[in-house]
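# Summary of structural features
Take a look at the letters that make up each chain.
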There are 4 protein chains.
Amino acid sequence: MSQLLGVAVLGAGHMGADHIRRLDSVVSGARVAAVADPAKERAEEAVAGLDGVLVHTEVAAALDAPGVEAVLIASPGPAHEEALLAAFARGLPVLCEKPMVPDSAGALRIVEAEARLGRRLAQVGFMRRYDAEYMGLKSLLDSGRLGRPLMLHCTHRNVSSPPGFTSAMLINSSVSHEIDAARWLLGQELTAVTVLRPRPSAHAPEGLLDPQFVLFETAGGALVDVEILVNSGFGYQVRCEAVCEAGSVRIGDAHTMVVTSAGGAYQEVAQDYLVRFADAYDREVREWVDATRRGQVTGPSAWDGYAASVVAEAGVRAQDTGDRMTVELAPRPDLYGQNPISR
Amino acid sequence: MSQLLGVAVLGAGHMGADHIRRLDSVVSGARVAAVADPAKERAEEAVAGLDGVLVHTEVAAALDAPGVEAVLIASPGPAHEEALLAAFARGLPVLCEKPMVPDSAGALRIVEAEARLGRRLAQVGFMRRYDAEYMGLKSLLDSGRLGRPLMLHCTHRNVSSPPGFTSAMLINSSVSHEIDAARWLLGQELTAVTVLRPRPSAHAPEGLLDPQFVLFETAGGALVDVEILVNSGFGYQVRCEAVCEAGSVRIGDAHTMVVTSAGGAYQEVAQDYLVRFADAYDREVREWVDATRRGQVTGPSAWDGYAASVVAEAGVRAQDTGDRMTVELAPRPDLYGQNPISR
Amino acid sequence: MSQLLGVAVLGAGHMGADHIRRLDSVVSGARVAAVADPAKERAEEAVAGLDGVLVHTEVAAALDAPGVEAVLIASPGPAHEEALLAAFARGLPVLCEKPMVPDSAGALRIVEAEARLGRRLAQVGFMRRYDAEYMGLKSLLDSGRLGRPLMLHCTHRNVSSPPGFTSAMLINSSVSHEIDAARWLLGQELTAVTVLRPRPSAHAPEGLLDPQFVLFETAGGALVDVEILVNSGFGYQVRCEAVCEAGSVRIGDAHTMVVTSAGGAYQEVAQDYLVRFADAYDREVREWVDATRRGQVTGPSAWDGYAASVVAEAGVRAQDTGDRMTVELAPRPDLYGQNPISR
Amino acid sequence: MSQLLGVAVLGAGHMGADHIRRLDSVVSGARVAAVADPAKERAEEAVAGLDGVLVHTEVAAALDAPGVEAVLIASPGPAHEEALLAAFARGLPVLCEKPMVPDSAGALRIVEAEARLGRRLAQVGFMRRYDAEYMGLKSLLDSGRLGRPLMLHCTHRNVSSPPGFTSAMLINSSVSHEIDAARWLLGQELTAVTVLRPRPSAHAPEGLLDPQFVLFETAGGALVDVEILVNSGFGYQVRCEAVCEAGSVRIGDAHTMVVTSAGGAYQEVAQDYLVRFADAYDREVREWVDATRRGQVTGPSAWDGYAASVVAEAGVRAQDTGDRMTVELAPRPDLYGQNPISR
């Protein structure tokens, strides 16, 4: 391993550019070795100011560039499967933004390919597992001090939805974060899902079913409910309350500075996930770089990416039909260990 | 009207004794004129120290006692219907503890009897409508500043369940408070109910399905979810978050004194509803006394009591069957006005 | 004692009218038996709607009116001494709004007169002792759980100062509340005072030294600091943090309903002391009525009123001179017991 | 400039070892090029696992080692002056832990030496300026939205004092953080200081005056009060409330996860400054590395280090004498610009 881990970044859009900045000037121990994006100008803009980073339009060229030792996939979801398989073919460790693969059939092919390799190479970008509050909550739940978790109440609110956002995306793009967080916090697979659709907000674009209320049942008999509201108007707010046999815990009210003026006490709410989870993204990439330099793969696995996509697909069906849908997973390869959930 | 409103209190148990104390020494403008309880000694204990209050074992005797101008019913639920009809027969205004009548058929008979009278005499003891936080929430929702309410997230937790508490009572005794609060806050009838039953807590008595998660749909397309957990172990906690088109509001975290010691910042949680809602009970009885002296009936109506019992019955069926149950109300008599919900 | 305690209310201004309302329609067990105010019309307006209450212009006439059994003094401070002595002469129990007497020499005459009577008749209207948060704080300090109190940090903010408010009044009208609260919470006399005067706020009227920062030392070696800011612009905010050997406690952040909208989470701040301390006033008068009917005097004593006025006078001298001023109290009569502070 | 800034770290104790770790594995763009510590074994332990870092016992040897481009001073305070001058002699940019120099005479010599150089090389380690909450507070104050600051109320509490901690150190080691923070937040020099010493806590070691209450006056007529309590028993708590003409702002209550159990709602308090200010230390060193690589010096200046030591010395005199002491600063060299306070 060289002094700085050479990383090929695939995709130089909003998320990719942010990861390029992170690898270059925030996280120690890594450097950007190559970038690939079909839109070459965008990629060149993202690496402006970095010495000696070659820009490619083809994934294979970037992976084969000199000094590339690992891959960070930040391209659009439909491009992930091919990129993951190309990284596997070269034995390169890879951090892949979520969704790992948009559909569960493709996700299963990734799981099977990695199982055939016989060793883990892929980590999926479920960055909430690296947020300080989520980590504190996980640690408290695992300690057993509050007994068994009975319910998780989750809130996921955005200021407004981007153009083209569909009702299905409330489940498979937004709630997919809660799907992984719930599996990870509880250490249990999700087994069924029901979706309730109140009358849409006046602030939802025509045709978008916003908000929705999603209910998951788990293998251990716990219940997870998620309010998803992507046109809240007021902020990006992610909260989770775990109700356990001996107490409850709440995260996500992390306003700090209290301003009192004009008749009230006021605390700002974050407007954006890159602000709310800035530290989580930094920690995720730092831990991935550190583990990779040690020759390890430790974060959310391809199995986690697969399970999330199966649950999300069941959620979209539940949303369409109004019925409770059960979740059916393929058998879990031994590669992913005894515990159903990684890390 | 005499200087002090003479009140006959029916029932001298836990709740009745508390109301006797309230009428005697907290609320101005009223006095206890008579008490009835089949257990005469209990009633005599409850009025010890009050001058000239006669104790009866029969409801009729108490209602006909000299100086009785109004009735407060705090006897067990099954005795309510007869007591309400007896008060109606005498034209006496009455404040009736919840449930107004345990079953919806009996509740409908009360509604019909009052409709025949052609004037309101009954107020039902939904005291949350008199809690300062709920009043603030109602006032904010009614102002329209936050737009239309989309969802109510409710939490209802007790320290532990009393002996004999059944799974059905989680709905028709505990959640019935949220049923009324939701109808009142939203100004909408509830139209359907679904009950989810996670695996019970280790602290629930054998056979009690605790916690439960109850979902109500409303006539206006809003969604109401209620966590009911009667063996939380840690406190009596009643919270409500209203999610609206232009913002959200939360009540029920009303801890005040912050103690920092031994590594943490700590705020006490109330252990009991008589503590949490002490002011609400006082305000409820004070407003009832004031209105009654002015010859008015203003609080939650018999219709509210009836609607709550219909919804609770549907909830118990939903709990039993696991299915979504719709709610069917009888036509509302004109007596109860245009707006579906009183006050 | 008759069924309802007959109270003569002296003074029918803002505070007097509020107490008349409270005695008539909030607190049980009392009635307004007479009212005196030199401005007869104002008094008549205050008792409009009350049956059979005679209005007087002279204190003596009101005290001698039929049915008067106790006195509530809400007239301007300069009238208090004469009124208190008139009540003493008739053996009438009295609740006297603060300041008991504006100057310490007059206050000492009241203490001496009551000591000559040989029994307590006077209670001073330091209503913070009846506020639920202050009571909780007092109870926690007295429990010894947090060890000895080392410091009290106090904040006292008003929206704006009324016309005619002087720099001395920041001490002897506003901070006098903290003077009593500190003595009561700590159970110690205050022994010295220093006043710091930062450059005044642009929102202070010309010539008013606002804010000020007042430091008290106590007989037990504790320190009390008070920020007084009467033109805060944003609210009426009264906070107190007690720093003890084994922890700290804070009261006064009692906002409850959290509204999240437009990019922030918001809690209202009370604008007025009659709102913030509404319950404390009610509880104060209720406990005074109850104790009086039992033939007892239990609240803040004439000694407390005297001590507060001596400390306030030293504070005004400290404010004028910029120096630390010591506080010298007359010997405490045995009537006021072993403990320096009542209740 | 090479790809990674080569830093010589002077001192490999608690703080030095933490900075070595930070430069090596947290902050991007830098590497540890040399370490000096008289205790060679300690230094060797601190660099275990780092490739090719030479350990020295002499400062000069470390500064002259190959690849050294900048210096981070984390040795004990008495060694700082010589190390700073040695760095100046070599033209090396330097980040110096606080106190810059223990006494104000030595601090002035550093200011004069840097002024003679005619360009800034030194940055002082006042890391609170890099804490997210302090940065938010500074930004809000500078925006002018709340008008002129009138007062700062500061709290500084430690769990317990280390062996050998003296009463003077409460001022010149602990409160020195507030001295810099107040100068920076207000943009004003401190002009006078008074120290009040309540009776010590039972938990203070024999002879230590703990707590103390320190009052600073500023050139602009604001007031700064600081509670310093180094044996609080419960946590490391740093709070600041700025009271302005149009509102107040509070930072430092940044508990996040709320655990409700056993009758109360509970939030953990940090126990240690390395935990509370972990992000601030990271951000401080990252910004220093970035600026240094760009050839700039941007953080707290030698003048800030000097001013803090003058104020602290006046504070210790005020503590000894019980009197208010004025603060006299030498003329400020032009090098440090128009604004009295850097950054």
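Residues numbered from 1 in each chain as written. Chains lettered and ligands numbered in written order. Predicted model: local features only at pLDDT ≥ 70, side-chain atom pairs only at ≥ 80, totals over all residues. Heavy atoms only, no water.

Before going further, it helps to examine the overall build of chain A. What chain A contains, in helices and strands, is 10 helices and 15 strands. By its C-alpha atoms, chain A is 55 × 55 × 45 Å across when sized along the principal axes. When each of the 343 residues of chain A is scored for burial, the buried share is 63%. Put simply, of all contacts in chain A between residues at least 6 apart along the chain, 73% involve residues at least 24 apart. (Helix = DSSP H or I, 4+ residues; strand = E, 2+ residues; numbered from the N terminus. Buried < 20%, exposed > 50% of the residue type's maximum accessible area, 1.4 Å probe, protein only. Contact = heavy atoms within 4.5 Å.)

As a further point, take the side chain of S28(A). Here S28(A) is to be found in the loop between helix 1 (14-25) and strand 2 (30-36). A distance of 3.3 Å separates the side chain of S28(A) from the backbone oxygen of D24(D), its partner in a polar contact. Excluding residues that lie within four positions of it along the chain, S28(A) makes contacts with V289(A), D24(D), S25(D), V26(D), V27(D) and S28(D). (Polar contact = N/O pair within 3.5 Å; in protein donor to acceptor, adjacent residues only side chain to side chain.)

This part takes up the sheet that holds strand 1 (residues 5-10) of chain B. Residue and element names in this part refer to chain B. Taken in spatial order, the 6 strands of this open sheet run 3-2-1-4-5-6, and their pairing is parallel. On the outer flanks of this sheet lie strand 3 (54-56) and strand 6 (122-124), each paired with one strand and no other. Across the sheet, the axes of successive neighbouring strands diverge by a mean angle of 25°, strand direction being ignored. Contacting strand 1, strand 2 (30-36) and strand 4 (70-73), helix 1 (residues 14-25) crosses the sheet at an angle of about 150° to strand 2. (Pairing = 2+ DSSP bridges. Axes fitted to C-alpha atoms, helices over the stretch in contact; angles between N-to-C directions.)

Our next topic: the packing of aromatic side chains. Tallied over the entire structure, the rule returns 22 aromatic pairs over all chains. Here the aromatic rings of Y273(D) and Y281(D) are separated by 6.5 Å at their centres, their planes lie at 55°, and the arrangement is tilted. With relative accessibility at 29%, the residue Y273(D) sits in the partly exposed group. Site record: aromatic cluster; members linked through ring pairs are Y236(A), Y273(A), F277(A) and Y281(A). Over the ring of F277(C) we find R276(C), and its NZ or CZ is 4.3 Å from the ring centre. (Phe/Tyr/Trp six-rings, centres within 6.5 Å; stacked < 30°, edge-to-face > 60°. Lys NZ or Arg CZ within 6 Å of the ring centre and 35° of its normal.)

Moving on to the environment of L196(C). Within the element layout of this structure, L196(C) appears in strand 8 (residues 190-196). Looking at L196(C), the relative accessible area reads 11%, which means it is buried. When the C-alpha atoms of L196(C) and R324(C) are compared, they prove to be 10.0 Å apart, with 128 residues separating the residues in sequence. In this structure L196(C) touches Q212(C), F213(C), L215(C), L215(D), E217(D) and L223(D), once residues within four positions along its chain are discounted.

Our focus in this paragraph is the relation of the copies chain D and chain A. Turning chain D through 180° and shifting it by 0.0 Å along the axis lays it on chain A, with an RMSD of 0.0 Å. Here the two chains are linked by the operation of a two-fold rotation axis. Considering only C-alpha atoms, the residue of chain D closest to the rotation axis is S28(D), which sits at 2.0 Å. When the interface residues of chain D are mapped onto chain A, 100% of them again lie at the interface, so the same face is used by both copies. (Least-squares fit on C-alpha atoms with pLDDT ≥ 70 in both.)

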